[in-house]
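# Descriptive analysis of the structure
As a plain string of letters, each chain reads:
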Amino acid sequence: MTVPPAEHATKHSGTAPPPGCPAHIGTGPGGATRLYGPAAETDPMGLYEELRAAHGPVAPVLLDGDVRAWLVLGYLENRDVASRPTQFSRDPRVWHGWRSGEIDPATSPLVPMIGWRPDCVCADGEEHQRLRGAVTAGLSQFDHRGIRRHITRFAHELVDTFCESGEAELVGQFTEHLPMLTLTHLLGMPDESGPKLVHAARDLFKATETSLKSNAYVLECLEQLVVDKRARPGQDIASALMAHPADLTDEEVKHHLRLILLAGYETTANLMANVLRMVVTDPRFRGSLAGGQMTLPEAVEQVLWDEPPLMVCPGRWANDDTTLGGQRIRAGDMLLLGLAAGNVDQAIRPDPSTPVHHNRAHLSFSAGTHECPGQDIGRIIADTGIDILLTRLPDIALAIPEESLDWRSSTWARHLTALPVSFASRSPQAQDVPAPLPAPPAPSGGLPTAGSGLPTTAAVPRPGNAPEPERGPAPRASWWTRVSRLLRRR
């Protein structure tokens, strides 16, 4: 990337950041701001606003190792970049940094995030359509009710591990494990793979010196999965990718499994932690849920606007010279989508305190042809898991002062490190886990079958002396209904 000229720093109508602010503390070669290090980790959202004030909707930044890039801060500019694949390629081989020696592919922790892979994220045009079609088919083969049953089982099992103690650390004991358990199951991996993959995935996204090793471990696990599913295919994403008419190679299958696993895990784990933090720290947020003014899916959308689980999305590469947000972008330059910054752009949210939980126009799952194809599964995991946790433990409360909560930030995301909570001790309820739906009964006695357009056997009047059919247990009240009852007793 051509180093942005100095006049960009004063081109915006706003004033330059005062000395001592994060934008000055984290500056590097050419005056660009570092998106890594102490300044970026302390207050990333504040850093984005400093950059916006100094440079406008597109700002020059530096990644680990002082690798140059442009951070897109404006909402409209983010959508513009994401929606113009002919101008802004998804193929990182376009980047001139590989040729100039700006990065060492063998050692840089950025490689797992910005390096080329044989997957749909790194492809454009017809190749992207071929690969993405296989991924979409693999994800869409599952009935959402069936996915919810698996999530329900995993969520109950996790809650059972700590419900008797009266206290829990929800990040380490719940939000980091439920998405990984669900995703490994959908991919076709054994459940016991989850804990080690949680550690590897977290380390990979931190972009540390061990990220390359963690990435290699994930690929090794998935390579073995491909071998196993070639020999014994099943009803899972890995087998679906192999059987798709796109005729993916084993290498392409492996890297698409990596994409689904890591992208789905990272975003969903962070999303769940952010929603639960709001539940236990913001009485208005919790009250809106308990009072029915906001449903749990709407609460998830509100958090997706305010705290996207992936704050910065790599990457796009300019195919030709162009202008964006007042900045001169050169062919081969790297651009990063600032999802969190775009979501709070005053051009579309003049008042950030105004609720937007009915609106799905946020950038949290990117936009354009590369918008996340698995976002609905992520929403299902979050909605179902949080609902079960709060139904089982309706009196859950933060166990430490709110100001003691701590985050770990990287260039790409901001993670809540721990969420300690307390609640009344309860017995495990594994026996309450819903069993898979039984197969429909075989037609008998000439009675119509389900789906025939006629009443099913359940709707046929009973003979005079026939016994009343056995009824299952009454459904549990939703967690916000139980919270409302609890509040009325006080």
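These figures come from a predicted structure and were not determined experimentally.

### Overview of the overall build of the chain
What the chain contains, in helices and strands, is 20 helices and 13 strands. Here the chain, with 490 residues, has 52% of them falling under the buried criterion. A sequence separation of at least 24 residues applies to 72% of the contacts in the chain between residues at least 6 apart. Taken as a whole, the chain presents about 21900 Å² of accessible surface, with 55% of it coming from carbon and sulfur.

### With respect to the pattern of salt bridges
According to the stated counting rule, one finds 24 salt bridges in the structure shown. One salt bridge connects Arg 34 with Asp 66, and the closest N-O pair in it is separated by 2.8 Å. Of the two residues, Arg 34 is situated in strand E1 (residues 33-34) and Asp 66 in the loop between strand E2 (58-63) and strand E3 (67-72); the sequence distance between them amounts to 32 residues. Among the salt bridges present, the one from Arg 153 reaches Glu 157, with a minimum N-O distance of 3.5 Å. Here Arg 153 pairs with Glu 157, and both are found in helix H9 (residues 144-160), just four residues apart, close to one helical turn.

### Brief notes about the environment of Ser 239
Its location among the elements puts Ser 239 in helix H14 (residues 237-243). A relative accessible area of 7% places Ser 239 in the buried class. Between the C-alpha atom of Ser 239 and that of Lys 229, which follows or precedes it by ten residues, the distance is 6.0 Å. If sequence neighbours within four positions are ignored, Ser 239 has contacts with Lys 229, Pro 233 and Gly 234.

### As for empty space enclosed by the protein
Picture a little ball the size of a water molecule; that probe, rolled over the atoms, points out where space is still empty. Summed over the entire model, instances satisfying the criterion amount to two cavities of 30 Å³ or more. Estimates place the volume of the largest cavity at around 790 Å³. What lines the largest cavity is a set of 45 residues, and nearest its centre among them are Val 121, Leu 259, Ala 263, Leu 310 and Cys 372. Among the elements of the structure, helix H7 (111-114), helix H8 (125-140), helix H11 (178-187), helix H12 (194-206), helix H15 (250-281), strand E6 (312-318) and helix H19 (375-392) are those that each provide at least two residues to the lining of the largest cavity. Per element, the largest residue contribution to the lining of the largest cavity is nine residues, and it comes from H15. Considering only residue class, the lining of the largest cavity consists of 28 nonpolar, eleven polar and six charged. Counted as a void, the second largest cavity has a volume near 60 Å³. In terms of residue count, the dominant contributor to the lining of the second largest cavity is helix H4 (residues 44-55) (three residues).

### Focus: the sheet that holds E1
The strand order E1-E2-E3-E9-E6-E4 describes an open sheet built from six strands, whose pairing is mixed. Two strands bound the open sheet, and with one partner strand each, they are E1 and strand E4 (88-89). As paired elements, E2 and E3 share six bridges and run antiparallel to each other. When the sheet's bridge partners are listed, Leu 62 is paired in E3 with Arg 68.

### Looking at unusual backbone geometry
The bulk of non-glycine residues show a negative phi, and the bulk of peptide bonds are trans. Look at the link from Pro 314 to Gly 315: it is a cis peptide, with omega at -20°. Inspection of the secondary structure puts Gly 315 in strand E6. A positive phi angle, close to 60°, is found at Asp 247, a residue other than glycine. Here Asp 247 is to be found in the loop between H14 and H15. With relative accessibility at 61%, the residue Asp 247 sits in the exposed group.

### Describing the packing of H9 against H19
At their nearest, the axes of H9 and H19 sit 9 Å apart, and the two run at 40° to each other. As the angle between them shows, H9 and H19 are arranged oblique. You can see that H9 and H19 cross each other, and the crossing is right-handed. Along the contact surface, H9 presents His 144, Ile 147, Arg 148, Ile 151, Thr 152, Ala 155, His 156, Val 159 and Asp 160, while H19 presents Asp 376, Ile 377, Ile 380, Ile 381, Asp 383, Thr 384, Gly 385, Ile 388, Leu 389 and Arg 392.

### With respect to the layout of surface pockets
Here the largest pocket defines a volume of roughly 620 Å³. Forming the boundary of the largest pocket are 22 residues, of which Met 278, Gln 302, Asp 306, Pro 352 and Ser 353 lie nearest the centre. Contributing elements (two or more residues each) for the lining of the largest pocket: H4, H15, helix H16 (283-290) and helix H17 (296-306).

### Observations concerning the environment of Pro 314
Tracing the backbone shows Pro 314 in strand E6. Pro 314 sits in the buried class, given a relative accessible area of 8%. Separated by 200 residues in the primary sequence, Pro 314 and Ile 114 have C-alpha atoms spaced 6.4 Å apart. Look past the residues within four positions of Pro 314 in its chain and what remains in contact with it is Arg 90, Met 113, Ile 114, Leu 336 and Trp 412.

### Focus on the sheet that holds strand E10 (residues 397-398)
Read from one edge to the other, the open sheet built from three strands follows the order E5-E13-E10, with strand pairing classed as antiparallel. Only two strands of the sheet have a single partner each, and these edge strands are strand E5 (167-169) and E10.

### Description of the pairing of E3
The buried fraction of E3 amounts to five of the six residues, a majority that puts the element mostly inside the structure. Hairpin remark: E2 followed by E3, antiparallel, with three residues in the connecting loop; positive phi at Gly 65, about 85°. Across three bridges, E3 lies against strand E9 (residues 334-338) in parallel orientation. Paired with Trp 70 across the two strands is Leu 335, which belongs to E9.

About the thresholds
- Residues numbered from 1 in each chain as written.
- Predicted model: local features only at pLDDT ≥ 70, side-chain atom pairs only at ≥ 80, totals over all residues.
- Heavy atoms only, no water.
- Helix = DSSP H or I, 4+ residues; strand = E, 2+ residues; numbered from the N terminus.
- Buried < 20%, exposed > 50% of the residue type's maximum accessible area, 1.4 Å probe, protein only.
- Contact = heavy atoms within 4.5 Å.
- Areas by Shrake-Rupley, 256 points an atom, 1.4 Å probe, with all protein chains shown as cover.
- Salt bridge = Lys/Arg side-chain N within 4 Å of Asp/Glu carboxyl O.
- 1 Å grid on protein atoms, 1.4 Å probe; cavity = no way out; pocket = protein on both sides within 12 Å on 5 of 7 lines; lining within 4 Å.
- Points joined across faces, edges and corners; volume = space filled by probe spheres on them.
- Nonpolar A, V, L, I, M, F, W, Y, C, P; charged D, E, K, R; others polar.
- Pairing = 2+ DSSP bridges.
- Axes fitted to C-alpha atoms, helices over the stretch in contact; angles between N-to-C directions.
- Parallel < 35°, antiparallel > 145°, perpendicular 65-115°, else oblique.
- Left-handed = near helix turned anticlockwise from the far one by under 90°.

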